2 protein chains.
Amino acid sequence: MASSLISRRFALSLQTNLWLSAPGCRYVSKAAPKTQLEYDYDGPSMKTSVPGPRSQALTKQLGEIQNVGAVNFFCNYEESRGNYLVDVDNNRMLDVYTQISSIPIGYNHPALLKLMANPNHLSTLVNRPALGILPPENFPDKLTESLLSVSPSGMTRVQTMACGSCSNENAYKAMFIWYRNKERGHNMPSDEDVSTCMINKAPGCPDLSILSFNGGFHGRTMGCLATTHSKAIHKLDVPSFDWPMAPFPRLQYPLEEFTRENAQEEARCLEETEDVIVKWRQKGNPVAGIVIEPIQAEGGDNHASPDFFKGLRNIARKHGCAFHVDEVQTGGGATGKYWAHEHWGMDDPADIVSFSKKLLTGGYYHKDELQADKPYRIFNTWMGDPSKNLLLAEVLNVIRRENLLEEVTRSGKALLNGLYDLQAQYPGILSRARGQGTFCAIDICDDATRNSILLKARDKGVLLGGCGDRSIPRIVGEKLKRVHLTISTIHTITRTEILYNVCFKIQGQMSL
Amino acid sequence: MASSLISRRFALSLQTNLWLSAPGCRYVSKAAPKTQLEYDYDGPSMKTSVPGPRSQALTKQLGEIQNVGAVNFFCNYEESRGNYLVDVDNNRMLDVYTQISSIPIGYNHPALLKLMANPNHLSTLVNRPALGILPPENFPDKLTESLLSVSPSGMTRVQTMACGSCSNENAYKAMFIWYRNKERGHNMPSDEDVSTCMINKAPGCPDLSILSFNGGFHGRTMGCLATTHSKAIHKLDVPSFDWPMAPFPRLQYPLEEFTRENAQEEARCLEETEDVIVKWRQKGNPVAGIVIEPIQAEGGDNHASPDFFKGLRNIARKHGCAFHVDEVQTGGGATGKYWAHEHWGMDDPADIVSFSKKLLTGGYYHKDELQADKPYRIFNTWMGDPSKNLLLAEVLNVIRRENLLEEVTRSGKALLNGLYDLQAQYPGILSRARGQGTFCAIDICDDATRNSILLKARDKGVLLGGCGDRSIPRIVGEKLKRVHLTISTIHTITRTEILYNVCFKIQGQMSL
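Every value quoted in this text rests on a predicted model; they were computed, and no experiment measured them.

**Student:** Would you mind going over the packing of helix α5 (residues 110-117) of chain A against helix α14 (residues 386-401) of chain A with me for this structure?
**Tutor:** Packed helix pairs are specified by the crossing angle of their axes together with the interaxial distance, meaning the distance between the axes. Residue and element names in this part refer to chain A. Their axes nearest at 10 Å, the elements α5 and α14 cross at an angle of 145 degrees. α14 is crossed by α5, and the crossing has right-handed handedness. The residues of α14 that touch α5, namely those facing A111, L112, L115 and M116, are L390, L391, E394, V395, V398 and R401.

Laid out in structure tokens, this is it:
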């Protein structure tokens, strides 16, 4: 067993070297900048199985305070570097899960450490303002140099928020306000609007809806949760709104072999979306906005073509619905562009684009007409956090300085080639390898195998994330029982070799 | 005019000295610790009217990016100290509004600057973890030394969140989960529960409600917003839930003159609350939880007696509803105790207590039985922010070291005495002076006068906050048109002299 494993590894190693050295291969990484190499580790190093004894003891301790059922292990963030997460048992893992895709340029990046050590920023760390009423002097400049420097096409306005759920909740509110003012033909609410809203009744609190998609994930506060349809555990026992859900395309892979079938599938989904909009309008609960992820992440790394999104954008326009692209997980560079929707190639891709995670602050961009007409309609105490804007500005500097988007594109192709190869080697286990940039995924044959691979890869020093859930197909009546293994992130140092390492480690687990 | 103002000031000055020097007066402040005096300013200093020219230019600049209708002015946080907020036009104001009551111990407190300058904490600032799955090694200890060191009675469990709205949203979810498991008699959802929840339908997404109170404020995300009833501008055009609202007592002041009337008013509110619970159960939308603020802040600084809250707690028990005390604004020491509900003197005051603002991190404490039974039910990517826990631990150290809760109690009494005196001097303008600790308020005769006083006080160097809204009485059919001027905060240095200064400055505006 051990020897066969060694020989397999050797074979794979030869193969990965082949990828690296193939003449004219576009996927070979440039040498990473010197500063990165200096602070990063050179590979995983495992001392115990995970969670190790120290993690187990801390989990027990935390269990006296909180539900710890989701805790994987405890981390030593001080010792973590770049792509490598070190745990409290001194295990060092290659982390391509990156805190649910929320660490943009790796752990303890020297540029961020230097930034935070600058005494000029102490005031920003200890005086958190109420940004909506008393912003700091540099607030417009900081927004301009950070978030507005990567504005989606057609958007010059941005509102920061504390987290992804708050971003989507407020984006929904902005769409409702916009829609109602459009219905009224002006922005003056009636006395009846004002009095009924105070007791949660229409017309002040109108019967309006947000249309979302099967498998979508948009957060867990109650407005967001009404548009989330990825796993039952998120929604069970929580009251919800009567809002419509449309089907998200289920593409067949490899794409080039299923051109016609996938085009039909996308056409079917668009048609059903339009039917649902008409149906909900007829029953008196019109769709004010449509929300969708460019790649469904939590719901199983489901992709659709640019044509699908263009069609959806047109449907939104035709029916007078706002179009909200939720880039909380996809934004920040993991697809090789700052925003995944840039791959659609549209001048007017959306009315609202929300973000959080790798952008470090939550918030949303919006077109001028989606700005609330009066103050205090989109408002809360903090409205974000300038200390996070500070970090974001430096993250964007690093991404530009180190050409990380190109690096992601190059590394993502290498990773995807590795996944294709694995899939060819293990056709009974792996299928549907897919991705954009390093936002890659592959399906595993069943839940038990998926979980086994995740755990074994972790014990070998590669931290991956699973997504998708068998409960979705079951619930919507499909026969498919696919589960997914996600690899979705952007690192400082997504050097091709590191992503080979991922494939190599996955390979190592296939026959165990 | 100028001379009469001077003589009035002189008279008031004499009077405040009298308060200070009255023999046996319990309200005289101790000398503040040396470090505080050294870093604090000695009074307001105004160079321009507010907003000054620089603030106006920046507001115009920000207006290209966001709705700036709520912006008061721009701040120079670097130059702000203790109770004094400095703006970009070099105006220095005594700030008793403190970023909507979210700055616990003043600006640039030396202890917090020292903490953030410590290089040992850099890693916490640049590596924000997904706390629910990969907590840092010191997480249980940090929770124990910060939040758990001030746990409400009967609660040993706490869940951190990013902001006040997320805290309440998740507290509501915890109450719904608890209630449904109680209804089932076990925690195993049926297949129908699982399948229906994915499409937002009952029984998976059950018809359950949260009961809240007229004038209450619990946040602006869609679950929270359904329990907020303070101002129409928060709720207008946003869909809501059919959840019940009960009346919050409207006490008459001075309390000692209206003992019987106020007891009757509270009894009426309790009786209506119980009626509403029965009514909503009968119509198939039972009340899973009751949420209430110990002092309604945003809704107009409305107080009720400990007896009222005891009665409410009993009603919750009797009808099997969870009891959630929202201390987002009242928590953190401004009432002279860490939690306003401590003034009720109960061993078992609540099932859930939520917080944010002056606690710097959001979150909620809960009794054991309110812990979600499975992982990922109460969950999101960040689940709070360890860098905020770090600051909170030091804030609590400062509060203890400098005996700030005693200081708040002492200063609050002095402030309230000052408000009583002002009210006696201007009976046509001021009424209903009330407060607990420095969480004080006084009513102004009408909206225009209230706003005029706020602006004039600001131009004199005192930053106050207004709360309450005439729209509430109008909407619920009351005849009263009261508006309020709130002074609610805790500072490092709530020295009695500073609060005299507040009264003095208010006094200065009364006849202008």
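**Student:** What is the right way to read the relation of the copies chain A and chain B from this model?
**Tutor:** The two chain copies are connected by a rotation around an axis plus a translation along it. Superposing chain A onto chain B takes a rotation of 180 degrees combined with a translation of 0.0 Å along the rotation axis, leaving an RMSD of 0.0 Å. In the structure described here, the two chain copies are related by an operation that fits a two-fold rotation axis. Of the C-alpha atoms belonging to chain A, the one lying closest to the rotation axis is found on A:M222, 3.0 Å away. Take the interface residues of chain A: 100% of them recur as interface residues in chain B, which is what a same-surface contact looks like.

**Student:** Could you clarify how one ought to interpret the domain arrangement of chain A in this entry?
**Tutor:** One frequently used descriptor of interface size is the decrease in accessible area upon assembly of the parts. All names here are of chain A. Domain annotation for chain A reports domain 1 (53-72 + 81-108 + 404-510) and domain 2 (117-402). For domain 1 versus domain 2, the distance between C-alpha centres works out to 26 Å. Counting residues at the interface gives 35 residues for domain 1, matched by 35 residues for domain 2. Contributions of two or more residues to the side of domain 1 that touches domain 2 are made by α4 (98-101), α15 (404-425), β10 (430-436), β11 (439-444), α17 (471-476) and β14 (483-488).

**Student:** I'm lost on the interface of chain A and chain B in this one. Help?
**Tutor:** On the chain B side, the residues contacting the 123 residues of chain A number 123 residues. Buried area between chain A and chain B, summed over both chains or domains, comes out near 11,200 Å², and the portion from carbon and sulfur atoms is 61%. Linking chain A with chain B are 12 salt bridges. Note that B:E137 and A:R54 form a salt bridge whose closest N and O atoms lie 3.1 Å from each other. Applying the counting criterion to the chain A and chain B interface returns 62 residue pairs in polar contact (both at pLDDT 80 or more). Looking at which element gives the most residues to the side of chain A that touches chain B, the answer is helix α8 (residues 164-184) of chain A, with eight residues. Looking at the side of chain A that touches chain B residue by residue, the class counts come to 66 nonpolar, 31 polar and 26 charged.

Calculation criteria
- Residues numbered from 1 in each chain as written.
- Chains lettered and ligands numbered in written order.
- Predicted model: local features only at pLDDT ≥ 70, side-chain atom pairs only at ≥ 80, totals over all residues.
- Heavy atoms only, no water.
- Axes fitted to C-alpha atoms, helices over the stretch in contact; angles between N-to-C directions.
- Helix = DSSP H or I, 4+ residues; strand = E, 2+ residues; numbered from the N terminus.
- Left-handed = near helix turned anticlockwise from the far one by under 90°.
- Contact = heavy atoms within 4.5 Å.
- Least-squares fit on C-alpha atoms with pLDDT ≥ 70 in both.
- Domains from an automatic or database assignment.
- Buried area = accessible area lost by both parts, 1.4 Å probe.
- Salt bridge = Lys/Arg side-chain N within 4 Å of Asp/Glu carboxyl O.
- Polar contact = N/O pair within 3.5 Å; in protein donor to acceptor, adjacent residues only side chain to side chain.
- Nonpolar A, V, L, I, M, F, W, Y, C, P; charged D, E, K, R; others polar.

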